[in-house]
Amino acid sequence: MARSSPVFICNSCQGETLKWQGQCPLCGEWNTLEQRAAPTGRAARKGAHGAPTSNASPRRLATAVADISKRLGTGHDELDRVMGGGIVPGSVTLLGGDPGIGKSTLLLQVAANVAATNGVLYASGEESIAQIATRAQRLGLESPLEVVAESNLEAILSLAAERKGTLLIVDSIQTIESNTVDTSPGAVAQLRECTAELVRFAKSTGTAVIIIGHVTKEGAIAGPRMLEHLVDTVLYFESEAGSRFRIVRATKNRFGAVNELGFFAMAESGLKEVRNPSAIFLSRATDPAAGSIVTVTRDGGRPLLIELQALVDRMRFGAPRRVAQGLDSNRVAMLLAVMNRHAQVSLQEHDVFVNVVGGVQINETGWDLPVVLALASSLTDKVVPNSLISFGELGLTGEVRPVAYGEERLREAHKQGFKVAIVPKENVPRKPLDGLQVIAVGRVGEALEAAFSR
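Residue numbers restart at each chain and count upward from 1, following the sequence in its written direction. For this predicted model, a pLDDT threshold of at least 70 governs which residues receive local features, and a threshold of 80 or more governs which side-chain atom pairs are given and counted, while totals over whole chains, interfaces and linings are taken from all residues. Only hydrogens and water are removed before side-chain values are computed, so all heavy atoms of the structure are retained for them.

Visitor: What is the right way to read the sheet that holds strand β3 (residues 33-36) from this model?
Guide: The pairing of strands in a sheet comes from backbone hydrogen bonds and takes either a parallel or an antiparallel form. In space, the three strands of this open sheet follow the order β2-β1-β3, with antiparallel pairing throughout. Bordering the open sheet on either side are β2 (16-17) and β3, each of which pairs with just one other strand. Two elements, strand β1 (residues 7-10) and β2, share two bridges in a ladder whose sense is antiparallel. Across the sheet, I9 pairs through a bridge with E16, a residue of β2. Each pair of strands is called paired provided DSSP finds at least two bridges between the two strands. Secondary structure elements are defined from DSSP: runs of H or I of at least 4 residues count as helices, runs of E of at least 2 residues count as strands, and each element is numbered from the N terminus.

Shown next, in the form of C-alpha coordinates:
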(Lines give C-alpha, C1' and ligand atoms only; values in the text may rest on other atoms or scores of the structure.)
Protein backbone atom coordinates (compact mmCIF):
# COMPACT_ATOMS: atom_id res chain seq x y z
CA MET A 1 0.00 0.00 0.00
CA ALA A 2 1.41 3.42 -0.95
CA ARG A 3 2.14 5.86 1.82
CA SER A 4 -0.25 8.86 2.07
CA SER A 5 2.37 11.15 3.61
CA PRO A 6 5.95 11.95 2.56
CA VAL A 7 8.76 9.92 4.07
CA PHE A 8 12.09 11.38 5.08
CA ILE A 9 14.99 8.89 5.21
CA CYS A 10 18.33 9.48 6.94
CA ASN A 11 21.38 9.06 4.72
CA SER A 12 23.42 7.89 7.71
CA CYS A 13 21.25 5.27 9.42
CA GLN A 14 18.44 4.78 6.85
CA GLY A 15 15.91 5.57 9.58
CA GLU A 16 12.50 6.88 8.55
CA THR A 17 10.49 9.79 9.90
CA LEU A 18 7.27 11.44 8.70
CA LYS A 19 8.54 15.02 8.93
CA TRP A 20 11.76 16.81 8.17
CA GLN A 21 14.06 17.77 11.03
CA GLY A 22 17.50 19.25 11.15
CA GLN A 23 18.73 16.34 13.27
CA CYS A 24 17.89 12.68 12.73
CA PRO A 25 15.93 11.48 15.79
CA LEU A 26 17.39 7.98 15.46
CA CYS A 27 21.15 8.43 15.04
CA GLY A 28 21.59 12.10 15.98
CA GLU A 29 23.31 13.14 12.73
CA TRP A 30 22.60 16.60 11.36
CA ASN A 31 21.29 17.53 7.89
CA THR A 32 20.95 13.90 6.73
CA LEU A 33 17.16 13.63 6.21
CA GLU A 34 15.95 13.56 2.60
CA GLN A 35 12.47 13.11 1.20
CA ARG A 36 11.99 10.02 -0.95
CA ALA A 37 9.09 8.71 -2.94
CA ALA A 38 9.08 5.19 -1.49
CA PRO A 39 10.85 3.36 1.33
CA THR A 40 13.92 1.29 0.50
CA GLY A 41 15.11 -2.02 1.91
CA ARG A 42 11.87 -3.74 2.87
CA ALA A 43 10.13 -3.10 -0.47
CA ALA A 44 12.95 -4.78 -2.35
CA ARG A 45 12.31 -8.00 -0.47
CA LYS A 46 8.56 -8.10 -1.20
CA GLY A 47 6.85 -10.19 -3.83
CA ALA A 48 4.55 -9.13 -6.64
CA HIS A 49 1.54 -8.64 -4.33
CA GLY A 50 3.45 -6.72 -1.67
CA ALA A 51 3.85 -9.72 0.66
CA PRO A 52 7.33 -10.77 1.82
CA THR A 53 8.68 -13.82 0.00
CA SER A 54 10.19 -16.76 1.88
CA ASN A 55 11.79 -20.08 1.03
CA ALA A 56 11.38 -21.41 4.57
CA SER A 57 9.39 -24.56 5.15
CA PRO A 58 7.99 -25.76 8.48
CA ARG A 59 9.61 -28.66 10.30
CA ARG A 60 8.51 -30.77 13.21
CA LEU A 61 10.17 -29.74 16.44
CA ALA A 62 10.84 -33.36 17.45
CA THR A 63 12.99 -33.95 14.36
CA ALA A 64 15.08 -30.83 15.05
CA VAL A 65 16.04 -31.83 18.60
CA ALA A 66 18.76 -34.17 17.30
CA ASP A 67 20.61 -31.23 15.72
CA ILE A 68 21.04 -29.50 19.08
CA SER A 69 23.76 -31.90 20.23
CA LYS A 70 25.80 -31.49 17.05
CA ARG A 71 28.31 -28.84 18.06
CA LEU A 72 31.63 -27.93 16.51
CA GLY A 73 34.62 -28.09 18.81
CA THR A 74 36.82 -24.99 18.65
CA GLY A 75 39.96 -26.81 19.73
CA HIS A 76 39.99 -24.77 22.97
CA ASP A 77 38.19 -26.26 25.94
CA GLU A 78 37.99 -22.83 27.60
CA LEU A 79 36.22 -21.32 24.59
CA ASP A 80 33.93 -24.34 24.29
CA ARG A 81 32.97 -23.85 27.94
CA VAL A 82 32.08 -20.20 27.35
CA MET A 83 29.97 -21.06 24.29
CA GLY A 84 28.07 -23.77 26.15
CA GLY A 85 29.89 -26.80 24.71
CA GLY A 86 31.04 -25.64 21.29
CA ILE A 87 29.72 -23.86 18.20
CA VAL A 88 26.09 -24.60 17.36
CA PRO A 89 25.41 -25.09 13.60
CA GLY A 90 23.44 -22.16 12.20
CA SER A 91 24.30 -19.89 15.12
CA VAL A 92 25.70 -16.37 14.91
CA THR A 93 28.33 -15.26 17.44
CA LEU A 94 29.60 -11.72 17.94
CA LEU A 95 33.10 -11.34 19.45
CA GLY A 96 34.18 -7.89 20.63
CA GLY A 97 37.29 -6.55 22.30
CA ASP A 98 39.87 -3.77 22.41
CA PRO A 99 42.25 -3.30 19.46
CA GLY A 100 45.22 -5.66 19.61
CA ILE A 101 43.80 -7.85 22.36
CA GLY A 102 43.88 -10.97 20.15
CA LYS A 103 40.44 -11.35 18.55
CA SER A 104 41.78 -12.19 15.08
CA THR A 105 44.48 -14.42 16.56
CA LEU A 106 41.97 -16.46 18.55
CA LEU A 107 39.55 -16.89 15.66
CA LEU A 108 42.34 -17.78 13.23
CA GLN A 109 43.36 -20.55 15.62
CA VAL A 110 39.73 -21.66 15.91
CA ALA A 111 39.32 -21.61 12.12
CA ALA A 112 42.44 -23.72 11.64
CA ASN A 113 41.27 -26.27 14.21
CA VAL A 114 37.78 -26.59 12.71
CA ALA A 115 39.14 -26.69 9.14
CA ALA A 116 40.98 -29.92 9.93
CA THR A 117 37.66 -31.79 9.72
CA ASN A 118 35.13 -29.31 8.30
CA GLY A 119 34.92 -26.64 5.62
CA VAL A 120 35.74 -23.15 6.89
CA LEU A 121 35.84 -19.77 5.12
CA TYR A 122 37.74 -16.91 6.81
CA ALA A 123 36.72 -13.56 5.27
CA SER A 124 38.80 -10.54 6.23
CA GLY A 125 38.05 -6.95 5.32
CA GLU A 126 40.99 -5.62 7.32
CA GLU A 127 43.98 -7.71 6.21
CA SER A 128 45.31 -9.09 2.97
CA ILE A 129 45.76 -12.82 2.42
CA ALA A 130 49.52 -12.38 2.73
CA GLN A 131 49.15 -10.75 6.13
CA ILE A 132 46.88 -13.53 7.37
CA ALA A 133 49.32 -16.14 6.04
CA THR A 134 52.18 -14.43 7.89
CA ARG A 135 50.24 -14.56 11.15
CA ALA A 136 49.30 -18.20 10.57
CA GLN A 137 52.98 -19.02 9.99
CA ARG A 138 53.96 -17.25 13.20
CA LEU A 139 51.32 -19.22 15.08
CA GLY A 140 52.48 -22.48 13.52
CA LEU A 141 49.10 -23.24 11.95
CA GLU A 142 48.88 -25.81 9.18
CA SER A 143 45.39 -26.61 7.91
CA PRO A 144 43.31 -26.56 4.70
CA LEU A 145 41.72 -23.27 5.79
CA GLU A 146 40.34 -21.10 2.97
CA VAL A 147 40.92 -17.36 3.32
CA VAL A 148 39.51 -14.48 1.29
CA ALA A 149 40.28 -10.76 1.54
CA GLU A 150 36.90 -9.26 0.72
CA SER A 151 34.71 -6.48 2.14
CA ASN A 152 31.61 -6.94 -0.03
CA LEU A 153 28.95 -8.90 1.84
CA GLU A 154 27.25 -10.34 -1.25
CA ALA A 155 30.57 -11.69 -2.54
CA ILE A 156 31.37 -13.26 0.84
CA LEU A 157 27.97 -14.95 1.13
CA SER A 158 28.22 -16.18 -2.47
CA LEU A 159 31.59 -17.80 -1.73
CA ALA A 160 30.30 -19.30 1.52
CA ALA A 161 27.25 -20.76 -0.23
CA GLU A 162 29.42 -22.15 -3.00
CA ARG A 163 31.86 -23.80 -0.57
CA LYS A 164 29.03 -25.16 1.63
CA GLY A 165 31.23 -24.97 4.70
CA THR A 166 30.22 -25.39 8.31
CA LEU A 167 31.81 -22.19 9.60
CA LEU A 168 32.12 -18.63 8.28
CA ILE A 169 34.28 -16.06 10.10
CA VAL A 170 33.91 -12.37 9.26
CA ASP A 171 36.71 -10.02 10.37
CA SER A 172 35.30 -7.49 11.01
CA ILE A 173 31.69 -6.35 10.66
CA GLN A 174 32.73 -2.66 10.66
CA THR A 175 34.66 -3.17 7.38
CA ILE A 176 31.90 -5.06 5.52
CA GLU A 177 29.46 -3.29 3.18
CA SER A 178 26.26 -4.38 1.47
CA ASN A 179 25.12 -3.26 -1.98
CA THR A 180 21.59 -2.70 -0.67
CA VAL A 181 22.61 0.22 1.55
CA ASP A 182 24.01 3.48 0.16
CA THR A 183 26.32 4.30 3.06
CA SER A 184 29.97 3.71 3.84
CA PRO A 185 31.21 0.65 5.81
CA GLY A 186 30.82 1.08 9.55
CA ALA A 187 27.71 3.26 9.30
CA VAL A 188 24.74 2.34 11.45
CA ALA A 189 22.65 1.24 8.46
CA GLN A 190 25.48 -0.92 7.07
CA LEU A 191 26.10 -2.60 10.41
CA ARG A 192 22.42 -3.35 10.87
CA GLU A 193 21.82 -4.66 7.35
CA CYS A 194 25.04 -6.70 7.11
CA THR A 195 24.41 -8.37 10.47
CA ALA A 196 20.80 -9.13 9.53
CA GLU A 197 21.93 -10.67 6.23
CA LEU A 198 24.52 -12.83 8.00
CA VAL A 199 21.86 -14.01 10.47
CA ARG A 200 19.49 -14.92 7.61
CA PHE A 201 22.30 -16.77 5.84
CA ALA A 202 23.22 -18.74 8.97
CA LYS A 203 19.63 -19.76 9.73
CA SER A 204 18.81 -20.74 6.16
CA THR A 205 21.98 -22.73 5.41
CA GLY A 206 22.95 -24.10 8.83
CA THR A 207 26.39 -22.52 8.56
CA ALA A 208 27.74 -21.18 11.84
CA VAL A 209 28.89 -17.56 11.61
CA ILE A 210 31.35 -15.78 13.91
CA ILE A 211 31.60 -12.00 13.59
CA ILE A 212 34.38 -9.83 14.98
CA GLY A 213 33.20 -6.43 16.19
CA HIS A 214 35.10 -3.32 17.21
CA VAL A 215 34.38 -1.71 20.56
CA THR A 216 33.97 1.90 21.63
CA LYS A 217 36.13 3.62 24.22
CA GLU A 218 33.49 2.69 26.81
CA GLY A 219 34.02 -1.00 25.98
CA ALA A 220 30.69 -1.66 24.22
CA ILE A 221 30.31 -3.13 20.73
CA ALA A 222 30.55 -0.28 18.20
CA GLY A 223 27.26 0.28 16.39
CA PRO A 224 23.60 0.06 17.38
CA ARG A 225 22.61 -2.04 20.37
CA MET A 226 20.39 -4.01 18.02
CA LEU A 227 23.47 -5.95 16.81
CA GLU A 228 23.60 -7.81 20.12
CA HIS A 229 19.88 -8.57 19.89
CA LEU A 230 20.21 -10.05 16.39
CA VAL A 231 22.96 -12.56 17.16
CA ASP A 232 22.74 -15.70 19.31
CA THR A 233 25.89 -15.26 21.37
CA VAL A 234 27.86 -12.18 22.43
CA LEU A 235 31.42 -12.64 23.68
CA TYR A 236 33.73 -9.97 25.06
CA PHE A 237 37.51 -10.29 25.03
CA GLU A 238 38.91 -8.59 28.14
CA SER A 239 42.38 -7.94 29.53
CA GLU A 240 44.06 -5.72 32.06
CA ALA A 241 46.52 -3.22 30.58
CA GLY A 242 49.99 -4.74 30.39
CA SER A 243 48.83 -8.26 31.26
CA ARG A 244 49.41 -11.27 29.03
CA PHE A 245 46.26 -12.96 30.32
CA ARG A 246 42.99 -12.71 28.42
CA ILE A 247 39.43 -13.41 29.55
CA VAL A 248 36.55 -14.31 27.24
CA ARG A 249 33.18 -13.51 28.83
CA ALA A 250 29.74 -14.47 27.48
CA THR A 251 27.24 -11.67 28.06
CA LYS A 252 24.54 -13.35 25.96
CA ASN A 253 24.20 -17.01 25.03
CA ARG A 254 21.08 -18.70 23.71
CA PHE A 255 22.79 -22.09 23.95
CA GLY A 256 24.53 -21.92 27.33
CA ALA A 257 25.11 -19.99 30.53
CA VAL A 258 25.77 -16.27 30.49
CA ASN A 259 28.72 -14.68 32.32
CA GLU A 260 30.74 -17.85 31.74
CA LEU A 261 34.49 -17.15 31.67
CA GLY A 262 37.32 -18.60 29.61
CA PHE A 263 40.95 -17.86 30.45
CA PHE A 264 43.83 -17.58 27.98
CA ALA A 265 47.46 -16.47 28.04
CA MET A 266 49.08 -14.69 25.10
CA ALA A 267 52.32 -16.40 24.05
CA GLU A 268 54.59 -16.15 21.01
CA SER A 269 52.74 -19.01 19.37
CA GLY A 270 49.29 -17.53 20.01
CA LEU A 271 46.70 -17.84 22.73
CA LYS A 272 47.08 -20.75 25.13
CA GLU A 273 44.43 -22.02 27.51
CA VAL A 274 44.85 -21.53 31.23
CA ARG A 275 43.74 -24.80 32.80
CA ASN A 276 43.91 -23.57 36.39
CA PRO A 277 42.75 -19.92 36.33
CA SER A 278 42.91 -19.61 40.11
CA ALA A 279 46.71 -19.74 39.81
CA ILE A 280 46.61 -16.42 37.90
CA PHE A 281 45.09 -14.55 40.82
CA LEU A 282 46.99 -16.29 43.62
CA SER A 283 50.53 -15.21 42.75
CA ARG A 284 51.04 -13.88 46.27
CA ALA A 285 54.18 -13.04 48.17
CA THR A 286 55.50 -15.76 50.45
CA ASP A 287 55.20 -13.47 53.48
CA PRO A 288 51.63 -12.36 54.29
CA ALA A 289 50.92 -8.63 54.09
CA ALA A 290 48.35 -6.52 55.87
CA GLY A 291 45.31 -5.75 53.72
CA SER A 292 45.48 -8.92 51.59
CA ILE A 293 42.98 -11.78 51.66
CA VAL A 294 41.75 -14.51 49.32
CA THR A 295 38.09 -15.08 48.53
CA VAL A 296 36.22 -17.65 46.45
CA THR A 297 33.92 -16.11 43.88
CA ARG A 298 31.70 -17.84 41.41
CA ASP A 299 31.59 -16.25 37.97
CA GLY A 300 29.81 -18.35 35.39
CA GLY A 301 29.83 -22.07 36.08
CA ARG A 302 32.91 -22.53 38.26
CA PRO A 303 34.45 -21.10 41.43
CA LEU A 304 37.56 -18.90 41.26
CA LEU A 305 40.03 -18.05 43.99
CA ILE A 306 40.87 -14.36 43.78
CA GLU A 307 43.06 -12.14 45.93
CA LEU A 308 41.53 -8.92 47.25
CA GLN A 309 43.75 -6.09 48.45
CA ALA A 310 42.76 -3.13 50.61
CA LEU A 311 44.73 -0.06 51.59
CA VAL A 312 43.65 2.34 54.34
CA ASP A 313 45.52 5.63 54.62
CA ARG A 314 44.84 8.64 56.83
CA MET A 315 43.14 11.44 54.90
CA ARG A 316 45.46 14.38 54.16
CA PHE A 317 42.94 17.02 53.12
CA GLY A 318 39.43 17.43 51.72
CA ALA A 319 36.89 14.63 51.66
CA PRO A 320 38.05 11.01 52.12
CA ARG A 321 38.55 9.05 48.90
CA ARG A 322 36.75 5.78 48.15
CA VAL A 323 38.36 3.97 45.21
CA ALA A 324 37.37 0.44 44.13
CA GLN A 325 38.85 -1.46 41.17
CA GLY A 326 36.85 -4.50 40.06
CA LEU A 327 34.15 -3.95 42.70
CA ASP A 328 31.07 -1.76 43.08
CA SER A 329 32.28 1.43 44.75
CA ASN A 330 28.79 2.18 46.11
CA ARG A 331 28.72 -1.17 47.85
CA VAL A 332 32.18 -0.53 49.33
CA ALA A 333 30.80 2.70 50.81
CA MET A 334 27.92 0.71 52.29
CA LEU A 335 30.34 -1.77 53.87
CA LEU A 336 32.24 1.09 55.49
CA ALA A 337 29.00 2.24 57.11
CA VAL A 338 28.27 -1.31 58.32
CA MET A 339 31.77 -1.54 59.83
CA ASN A 340 31.33 1.76 61.63
CA ARG A 341 27.84 1.01 62.95
CA HIS A 342 28.06 -2.68 63.85
CA ALA A 343 31.79 -3.39 64.38
CA GLN A 344 32.93 -0.03 65.80
CA VAL A 345 35.60 0.25 63.09
CA SER A 346 35.54 3.83 61.83
CA LEU A 347 37.21 4.83 58.56
CA GLN A 348 35.59 8.25 58.26
CA GLU A 349 38.95 10.02 58.41
CA HIS A 350 40.77 7.62 56.09
CA ASP A 351 41.16 7.18 52.36
CA VAL A 352 40.10 3.69 51.27
CA PHE A 353 41.40 1.79 48.23
CA VAL A 354 40.21 -1.69 47.25
CA ASN A 355 41.52 -3.72 44.32
CA VAL A 356 40.81 -7.10 42.73
CA VAL A 357 44.11 -8.67 41.68
CA GLY A 358 44.18 -9.73 38.02
CA GLY A 359 41.75 -7.13 36.70
CA VAL A 360 38.64 -9.29 37.13
CA GLN A 361 35.26 -7.64 37.66
CA ILE A 362 33.30 -9.33 40.48
CA ASN A 363 29.55 -8.90 40.10
CA GLU A 364 28.29 -10.92 43.06
CA THR A 365 28.01 -10.03 46.76
CA GLY A 366 30.17 -12.82 48.19
CA TRP A 367 33.11 -10.41 48.45
CA ASP A 368 31.51 -8.32 51.22
CA LEU A 369 33.01 -10.20 54.16
CA PRO A 370 36.57 -10.59 52.80
CA VAL A 371 36.70 -6.89 51.88
CA VAL A 372 35.73 -5.95 55.44
CA LEU A 373 38.45 -8.25 56.80
CA ALA A 374 41.02 -6.79 54.40
CA LEU A 375 40.09 -3.21 55.38
CA ALA A 376 40.37 -4.03 59.07
CA SER A 377 43.70 -5.75 58.41
CA SER A 378 45.11 -2.69 56.66
CA LEU A 379 43.79 -0.32 59.35
CA THR A 380 45.24 -2.27 62.28
CA ASP A 381 48.32 -3.49 60.34
CA LYS A 382 47.47 -7.07 61.35
CA VAL A 383 48.01 -9.69 58.65
CA VAL A 384 45.50 -12.30 57.60
CA PRO A 385 47.20 -15.72 57.30
CA ASN A 386 47.90 -16.90 53.76
CA SER A 387 46.07 -20.13 54.57
CA LEU A 388 42.76 -18.34 55.30
CA ILE A 389 39.94 -17.67 52.85
CA SER A 390 36.57 -16.05 53.37
CA PHE A 391 33.32 -15.27 51.59
CA GLY A 392 29.88 -14.01 52.59
CA GLU A 393 27.39 -11.21 52.08
CA LEU A 394 26.80 -8.49 54.66
CA GLY A 395 23.43 -6.96 55.46
CA LEU A 396 22.81 -3.42 56.66
CA THR A 397 22.06 -4.73 60.15
CA GLY A 398 25.51 -6.33 60.40
CA GLU A 399 24.42 -9.94 59.78
CA VAL A 400 26.50 -12.25 57.59
CA ARG A 401 24.28 -13.74 54.90
CA PRO A 402 24.92 -16.97 52.97
CA VAL A 403 25.90 -17.02 49.31
CA ALA A 404 25.08 -19.53 46.59
CA TYR A 405 27.21 -22.64 46.00
CA GLY A 406 28.94 -22.32 49.36
CA GLU A 407 30.00 -25.97 49.59
CA GLU A 408 31.40 -25.88 46.06
CA ARG A 409 33.48 -22.83 46.96
CA LEU A 410 34.86 -24.57 50.03
CA ARG A 411 35.83 -27.63 48.00
CA GLU A 412 37.74 -25.42 45.56
CA ALA A 413 39.57 -23.70 48.44
CA HIS A 414 40.38 -27.08 49.97
CA LYS A 415 41.75 -28.29 46.63
CA GLN A 416 44.03 -25.24 46.47
CA GLY A 417 45.49 -26.02 49.90
CA PHE A 418 43.75 -23.51 52.20
CA LYS A 419 43.40 -24.54 55.83
CA VAL A 420 40.91 -22.09 57.37
CA ALA A 421 37.67 -20.63 56.03
CA ILE A 422 35.49 -17.93 57.62
CA VAL A 423 32.02 -18.26 56.12
CA PRO A 424 28.35 -17.65 56.97
CA LYS A 425 26.69 -20.20 59.25
CA GLU A 426 24.34 -21.38 56.51
CA ASN A 427 27.29 -22.19 54.22
CA VAL A 428 28.94 -24.67 56.58
CA PRO A 429 29.11 -28.04 54.78
CA ARG A 430 27.15 -30.95 56.17
CA LYS A 431 30.18 -33.21 55.81
CA PRO A 432 33.47 -31.74 57.11
CA LEU A 433 36.36 -31.43 54.66
CA ASP A 434 39.55 -33.07 55.90
CA GLY A 435 42.25 -30.50 56.53
CA LEU A 436 39.94 -27.46 56.22
CA GLN A 437 38.73 -25.75 59.41
CA VAL A 438 35.45 -23.96 58.73
CA ILE A 439 34.60 -21.10 61.12
CA ALA A 440 30.90 -20.15 61.00
CA VAL A 441 29.99 -16.53 61.78
CA GLY A 442 26.65 -14.76 61.97
CA ARG A 443 27.69 -11.15 62.62
CA VAL A 444 30.42 -8.93 61.20
CA GLY A 445 31.95 -8.48 64.66
CA GLU A 446 32.29 -12.25 65.06
CA ALA A 447 34.11 -12.45 61.71
CA LEU A 448 36.63 -9.76 62.71
CA GLU A 449 37.27 -11.47 66.04
CA ALA A 450 37.74 -14.85 64.37
CA ALA A 451 40.19 -13.47 61.79
CA PHE A 452 42.47 -11.53 64.14
CA SER A 453 42.37 -13.58 67.32
CA ARG A 454 44.27 -16.45 65.77
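Right, picking up where we left off after that structure.
Visitor: How should the sheet that holds strand β13 (residues 292-299) be read in this particular structure?
Guide: Sheet architecture is open: seven strands sit in the order β15-β16-β14-β13-β17-β20-β21, paired in mixed fashion. In this open sheet, the two edge strands, each paired with only one partner strand, are β15 (322-325) and β21 (437-441). Pairs of neighbouring strands in the sheet enclose a mean axial angle of 25 degrees, with direction left out of account. Of the strand pairs in this sheet, β13 and strand β17 (residues 388-390) are connected by two bridges, and their pairing is parallel. Directly across from T295, in β17, lies its bridge partner S390. Axis definition: a line fit to C-alpha positions, over the contact stretch in the case of helices; interaxial angles, taken between N-to-C directions, run 0 to 180 degrees.

Visitor: Explain the environment of Y236 here, please?
Guide: By secondary structure assignment, the location of Y236 is in strand β9 (residues 233-238). For Y236, a relative accessible area of 12% gives the class buried. Separated by 108 residues in sequence, Y236 and Q344 have C-alpha atoms that sit 42 Å apart. Here, residues are in contact when the closest pair of their heavy atoms is within 4.5 Å. The residues contacting Y236, other than those within four sequence positions of it, are G96, G219, A220, I221, E228, I247, V248, R249 and T251. We define a polar contact as two N or O atoms separated by no more than 3.5 Å, with the added condition that, inside protein, one atom must be a possible hydrogen donor and the other a possible acceptor, whereas residues neighbouring each other in sequence contribute only through side-chain atom pairs. Reaching out from Y236, the side chain makes a polar contact with the side chain of E228 at a distance of 3.0 Å. Only protein chains enter the accessibility calculation, which uses a 1.4 Å probe. A residue is then buried if its area is under 20% of the maximum for its type, exposed if over 50%, and partly exposed in between.

Visitor: How should the nonpolar core be read in this particular structure?
Guide: General note: in soluble globular proteins, nonpolar side chains tend to be found buried as a group. We define the nonpolar core as a collection of buried residues of types Ala, Val, Leu, Ile, Met, Phe, Trp, Tyr and Cys that are connected through side-chain atoms lying within 4.5 Å of one another. One finds L375 and I422 to be the most contacted residues of the largest nonpolar core, which totals 48 residues. If one sorts the elements of this core by residue count, helix α10 (residues 368-380) sits on top with seven residues. Leave out the neighbours within four places in its chain, and L375 touches A310, V312, L336, M339, L347, V352 and V354. One finds L72, L95, L167 and L235 within the second-largest nonpolar core, a separate group that totals 31 residues.

Visitor: Which parts of the structure should I look at to understand unusual backbone geometry?
Guide: Residues apart from glycine generally show negative phi values, whereas peptide bonds are mostly found in trans. Of note, the amide linkage connecting D171 to S172 takes the cis form, showing an omega dihedral of 0 degrees. Along the chain, the position of S172 falls in the loop between β7 (167-171) and α6 (188-205). Positive phi values are uncommon outside glycine, yet K164 reaches one of about 55 degrees. Along the chain, K164 falls in the loop between α5 (153-163) and β7. The class for K164 is exposed, based on a relative accessible area of 72%. Backbone geometry at N259 places phi at a positive 65 degrees, although glycine is not the residue there. Mapped onto the fold, N259 is located in the loop between β10 (245-253) and β11 (261-267). The exposure class of N259 is partly exposed, given its relative accessible area of 33%.

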